[in-house]
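Here's the letter readout for the chains.
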Amino acid sequence: MRPFIYLLVLSSLLSNRVNADSINHAALKQTPPQQMISSHDQTIPLLQGNHWYQQGDAWLKNKVKTLDSLQSQLQQKEEGAKNIILFLGDGMSITTLTAARIWQGQQQGESGEENFLHFEHFPHTALIKTYNTNQQTPDSAGTMSAIMTGVKTRAGLISMGPEQDRTDCQGSSQHHQQTLLEWGHQQGINTGIVTTARLTHATPAATYAHSPDRSWEGDYDRHPNAYWYGCDSIAKQLVKTAFPAGLDLALGGGGSKLESYYDTFNQQFSNGSLLTTKQELADWNQELLASRLSHQKEAQAGPVLGVFSAGHMDFEMDRRTVQPSLKEMTEQAINYFKAKTGRYVLVIESARIDHAHHNGNAARALAETAMLSNSVQIADEMTDDDNTLIIVTADHSHTFLMAGYPKRGNPILGVSKNQKDEVVLANDGMPYTSLGYANGESHGRKKSADDFLHSKDKDFQQEAGIALAVETHGSDDVALHAKGPGSYLFSGLMEQNEIFHTIQQALLTNGLNNLDGLDDLDDLDVGKDQ
């Protein structure tokens, strides 16, 4: 019944909006604009010449068109998704979205507020609750594990159930939760992970690994009990377990954790590709495209491990020429899956939004978010809306703030100015920026007004309210945007682990009558929601 309740709620919202604007819903479909005259005969024609009236009218017509399309799909028993692309903006809070869309718009010469990030045009949205089972404010390991396994869990755990204690290897294998990519392998679905973090970092690790501690990335990072009871490092699991089990592609950073396994990867896969620079990635892609044209797909479509930095990849504002951008990795990954036969599930993480926020550095966080938007756009352009479900969400938020009554078009990284273009001063006689953090390293007020002259610099740290060594995550909900087959199932306020189940349903469904289809999968080891 959920999809039909969803339609009723949307229809109710639209009806309320129409009544508020004194516009007849049916007239929007059937009556020319010049004939839509209310009792205020002189008012409506004037309003129709107003930019905001026209914008609101266009929004409503587009919403009605979307609902009509959705109703048609429901009646036709829409086919499920062939492919899934899940974009994850690590730490991408709703405030980050707002500030990033303004920043992107201002980079294009606009005032900024009217801009949309590409995925903000997607027709379906939801709010996602992010708490871990043991923490009100979550960490990335617990949140991404919920998205990847369908089971909410504790902070610090990588794709393990909440019964597992952190940093305790003994008996931990009984709490492994099958990930979406592992399940995909069993169904014959091609799978891949792209990230700007170390490939062994918490968020990408949750797609393919199982560990009682997110910090056990490399062989020498583990607690002694991991050696005693046989818990492998995340790096070893990637090369010696995930790839042999069916993982097809992994692109990101983390050479310092993985380089000892490069020989193992090459020995395991004679047709595999180990890439370490942007140029190697580009050359490999050209070979891939050539093989597609010559119909020699299998020769060039073996497993791919691309590791482009020793640690995390560079921030976009600092990216060296030897490293590919997130957009470039996204494009190459989709080309790769197009060269292979069959369906695919691809997870793409913009990791360094989170790292910039932890540093109290808004400029880099916004640039990373804009690059994520560009990456979503290229993926959208390269895929078919009829068979590919694209989802964009975040694992958690941050304590990032935006306030102060600045005028419209005020530089988002600048100090707050009023309608007269005057710098607004706080009670201490000092200016302040529109952006800030509730806590973090740069706590308290700047030493002088001159410090704000550099607020637009990429290295500027916004002020923070509470003194902490590192800015923390936030506890608030995050947004989810979706388009494609099954995207209508994302609506309202959702638990984070429900993302997994919704993706599975989109992959499995042959129509809406199959919402209970997961009950028939006896071999699906995902446990119950916690």
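Note that the coordinates shown come from a computational prediction; the quantities given were computed from them, not determined experimentally.

**Student:** Whenever I open this one, the overall build of the protein chain confuses me. Can you help?
**Tutor:** If you tally the helices and strands in the protein chain, you get 18 helices and 15 strands. For the protein chain, buried positions account for 54% of its 530 residues. Of the accessible surface of the protein chain, which amounts to about 23000 Å², a share of 48% is contributed by carbon and sulfur atoms.

**Student:** Explain the sheet that holds strand 4 (residues 249-253) to me, please; I cannot follow it from the model alone.
**Tutor:** Each strand in a sheet pairs with another by means of backbone hydrogen bonds, the pair being arranged parallel or else antiparallel. The strand order 5-6-4-3-7-1-8-14-2-15 describes an open sheet built from 10 strands, whose pairing is mixed. Every interior strand has two partners, whereas the edge strands, strand 5 (273-275) and strand 15 (493-495), have only one. Neighbour-to-neighbour, the strand axes of the sheet open up by a mean angle of 15°, direction not taken into account. Against the sheet, helix 18 (residues 498-508) makes contact with strand 1 (83-89), strand 2 (124-129), strand 7 (344-350), strand 8 (388-394), strand 14 (478-483) and strand 15, and its axis sits at roughly 95° relative to strand 15, the strand it touches most.

**Student:** It is not clear to me how the side chain of Gln332 should be interpreted in this structure. Could you clarify?
**Tutor:** Here Gln332 is to be found in helix 15 (residues 326-339). Overall, Gln332 belongs to the buried group, its relative accessible area being 10%. Excluding residues that lie within four positions of it along the chain, Gln332 makes contacts with Leu281, Ala282, Trp284 and Asn285.

**Student:** It is not clear to me how the packing of aromatic side chains should be interpreted in this structure. Could you clarify?
**Tutor:** Within a pair of aromatic rings, the relevant descriptors are the distance that separates the centres and the angle that separates the planes. This model, assessed by the stated rule, comprises 7 aromatic pairs. Taking the centre distance of 5.1 Å and the plane angle of 70° together, the rings of Tyr336 and Phe337 count as edge-to-face. Ring centres 5.0 Å apart and planes at 15° place the aromatic pair Phe337 and Tyr344 in the stacked group. For Phe337, a relative accessible area of 2% puts it in the buried group. Arg222 extends its terminal NZ or CZ atom over the ring of Tyr227, reaching a point 4.1 Å from the ring centre.

**Student:** What is the right way to look at the pairing of strand 6 (residues 304-307) in this model?
**Tutor:** Regular strands place their side chains on alternate faces of the sheet. Neither face of strand 6 is left uncovered, since the one carrying Val304 and Gly306 and the one carrying Leu305 and Val307 both have all their residues buried. In the sheet, strand 4 pairs with strand 6 via 4 bridges, with the strands oriented parallel. What sits directly across from Gly252, in strand 6, is Val307. By the bridge criterion, 3 bridges tie strand 5 to strand 6 in an arrangement that is parallel. Along strand 6, the bridge assignment pairs Leu274 with Leu305.

**Student:** Quick question: what am I supposed to make of the state of the cysteines here?
**Tutor:** A covalent bond bridging the sulfur atoms of two cysteines is what the word disulfide describes. Counted according to the given criterion, the structure contains 1 disulfide. Residue pairing for Cys169: its cysteine sulfur links by disulfide to Cys231, the two sulfurs lying 2.1 Å apart. Residues Cys169 and Cys231 share a disulfide whose torsion about the S-S bond is about 100°; that sign makes it right-handed. On the criterion of sequence distance, the pair formed by Cys169 in the loop between helix 6 (140-149) and helix 7 (180-186) and Cys231 in the loop between helix 9 (224-229) and helix 10 (234-245) is long-range, its members being 62 residues apart. Just as Cys169 is buried, Cys231 falls in that class too.

**Student:** What's the story with the packing of helix 5 (residues 94-107) against helix 17 (residues 362-382) in this structure? I'm lost.
**Tutor:** Between two packed helices, the angle of one axis relative to the other and the distance separating the axes together describe the packing. Between helix 5 and helix 17, whose axes approach to 9 Å, the crossing angle comes to 80°. If you check the angle between helix 5 and helix 17, you find them roughly perpendicular. For the pair helix 5 and helix 17, contact is made by Thr96, Leu97, Ala99, Ala100, Trp103 and Gln104 and by Leu366, Ala367, Thr369, Ala370, Ser373 and Asn374, respectively. Tallied by class, residues from the contact of helix 5 with helix 17 come to 7 nonpolar, 5 polar and no charged.

**Student:** What is the right way to read the sheet that holds strand 12 (residues 464-467) from this model?
**Tutor:** Read across the sheet, 3 strands follow the order 10-11-12 without closing on themselves; strand pairing throughout is mixed. On the outer flanks of this sheet lie strand 10 (400-402) and strand 12, each paired with one strand and no other. For this sheet, the mean inter-axis angle between neighbouring strands, taken without regard to orientation, is 20°. One ladder, built from 3 bridges, connects strand 10 with strand 11 (residues 435-440); its direction is antiparallel. Residue pairing across strands places Leu401 opposite Gly436, the latter belonging to strand 11.

**Student:** What exactly am I supposed to notice about the confidence of the model for the protein chain here?
**Tutor:** Detailed reading of the predicted coordinates is not advisable wherever pLDDT falls low. When pLDDT is averaged along the protein chain, the result is 87, and 84% of the positions lie at 70 or above. Within the model, pLDDT remains below 50 along residues 510-530, and this stretch shows 42 contacts once partners closer than five positions in the same chain are excluded.

**Student:** What is the right way to look at the pattern of salt bridges in this model?
**Tutor:** Side chains that carry opposite charge are capable of pairing whenever their charged atoms lie near each other. Per the stated rule, a full pass over the model turns up 22 salt bridges. Linking Glu328 and Lys278 is a salt bridge whose minimum nitrogen-to-oxygen distance equals 3.3 Å. With Glu328 in helix 15 and Lys278 in helix 13 (residues 278-293), this residue pair connects regions lying 50 residues apart in the sequence. Judged by its relative accessible area of 25%, Glu328 is partly exposed.

**Student:** So what exactly am I meant to see when it comes to the pairing of strand 7 here?
**Tutor:** Along strand 7, 7 of the 7 residues are buried, which leaves the element largely enclosed by surrounding structure. By the alternation rule, side chains of strand 7 split into Tyr344, Leu346, Ile348 and Ser350 and Val345, Val347 and Glu349, which are all buried.

**Student:** Hey, could you run me through the environment of Ala206 in this one?
**Tutor:** Considering the arrangement of structural elements, one finds Ala206 in the loop between helix 8 (202-205) and helix 9. When the C-alpha atoms of Ala206 and Thr149 are compared, they prove to be 8.6 Å apart, with 57 residues separating the residues in sequence. Residues in contact with Ala206, not counting those within four places in the same chain, are Met144, Ser145, Met148, Ile158, Ser159 and Thr179.

**Student:** Sorry if this is basic, but what is going on with helix 13 here?
**Tutor:** Residues spaced three or four apart along an α-helix face the same direction, because each turn holds 3.6 residues. Along its 16 residues, helix 13 runs 23 Å from first to last C-alpha, staying within 8% of the 22 Å computed at 1.5 Å per residue. Residues of helix 13 that are buried include every one of Leu281, Trp284, Asn285, Leu288 and Ser291, and no others. For helix 13, the arc enclosing every buried residue in end-on projection is 120°, short of the 170-degree limit, so these residues lie on one face. Residues Gln279, Gln286 and Leu293 are exposed on helix 13 and point more than 90 degrees away from its buried face.

Calculation criteria
Residues numbered from 1 in each chain as written. Predicted model: local features only at pLDDT ≥ 70, side-chain atom pairs only at ≥ 80, totals over all residues. Heavy atoms only, no water. Helix = DSSP H or I, 4+ residues; strand = E, 2+ residues; numbered from the N terminus. Buried < 20%, exposed > 50% of the residue type's maximum accessible area, 1.4 Å probe, protein only. Areas by Shrake-Rupley, 256 points an atom, 1.4 Å probe, with all protein chains shown as cover. Pairing = 2+ DSSP bridges. Axes fitted to C-alpha atoms, helices over the stretch in contact; angles between N-to-C directions. Contact = heavy atoms within 4.5 Å. Phe/Tyr/Trp six-rings, centres within 6.5 Å; stacked < 30°, edge-to-face > 60°. Lys NZ or Arg CZ within 6 Å of the ring centre and 35° of its normal. Disulfide = S-S within 2.5 Å. Parallel < 35°, antiparallel > 145°, perpendicular 65-115°, else oblique. Nonpolar A, V, L, I, M, F, W, Y, C, P; charged D, E, K, R; others polar. pLDDT = per-residue confidence, 0-100. Salt bridge = Lys/Arg side-chain N within 4 Å of Asp/Glu carboxyl O. Expected span 1.5 Å × (residues − 1). Arc of directions from axis to C-beta.

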